[in-house]
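One letter stands for each residue in the lines below.
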Amino acid sequence: MDTYTTHITFTSGDTHKEDPIPASKIASSITRLMHGPAAQMGIIDEVRIVDSGDCIVFHAVQGKVIFPKLVQKSS
């Protein structure tokens, strides 16, 4: 089973690496880190989620998603 590791950088410059999680928990981690209490307080600067091969599967900086690039639907 593939696992994914979340790396968080706070606005203070401190970093935190969370325990690996399965793919089924990625969405809840992203939601928590982008919209949860720490995000609401503005103390999260960067979030990176990487796979077991150290490839980025999610990257956000200052609340903006960098990867994956979201496609906008045209009206």
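Residues numbered from 1 in each chain as written. Predicted model: local features only at pLDDT ≥ 70, side-chain atom pairs only at ≥ 80, totals over all residues. Heavy atoms only, no water.

On to the pairing of strand S5 (residues 56-61). Pairing of strand S4 (residues 44-50) with S5 involves 5 bridges; the strand directions are antiparallel. In the strand pairing of S5, Val 50 is matched with Ile 56. As consecutive antiparallel partners, S4 and S5 are separated by 5 residues, and within that stretch Asp 54 has a phi angle of approximately 70°, a positive value. What sits between the antiparallel neighbours S5 and strand S6 (residues 64-67) is a turn of 2 residues, in which Gln 62 has the positive phi angle 50°. (Pairing = 2+ DSSP bridges. Helix = DSSP H or I, 4+ residues; strand = E, 2+ residues; numbered from the N terminus.)

Residues of helix H1 (residues 26-35) that are buried: Ile 26, Ser 29, Ile 30, Leu 33 and Met 34. Down the axis of H1, the buried set is contained in an arc of 115°. They therefore lie on one face. In H1, those exposed residues whose orientation departs by more than 90 degrees from the buried face are Ala 27 and His 35. Elements in contact with the buried residues of H1: strand S1 (3-10), strand S3 (21-22), helix H2 (37-40), S4, S5 and S6. (Buried < 20%, exposed > 50% of the residue type's maximum accessible area, 1.4 Å probe, protein only. Arc of directions from axis to C-beta. Contact = heavy atoms within 4.5 Å.)

Our next topic: the pattern of salt bridges. A complete count under the given rule lists 2 salt bridges for this structure. Across the salt bridge formed by Glu 18 and Arg 32, the nearest N and O atoms sit 2.9 Å from each other. Taken together, the residues Glu 18 in the loop between strand S2 (15-17) and S3 and Arg 32 in helix H1 connect sequence positions 14 residues apart. The partner of Arg 48 in a salt bridge is Glu 46, and the shortest N-O contact between them spans 4.0 Å. (Salt bridge = Lys/Arg side-chain N within 4 Å of Asp/Glu carboxyl O.)

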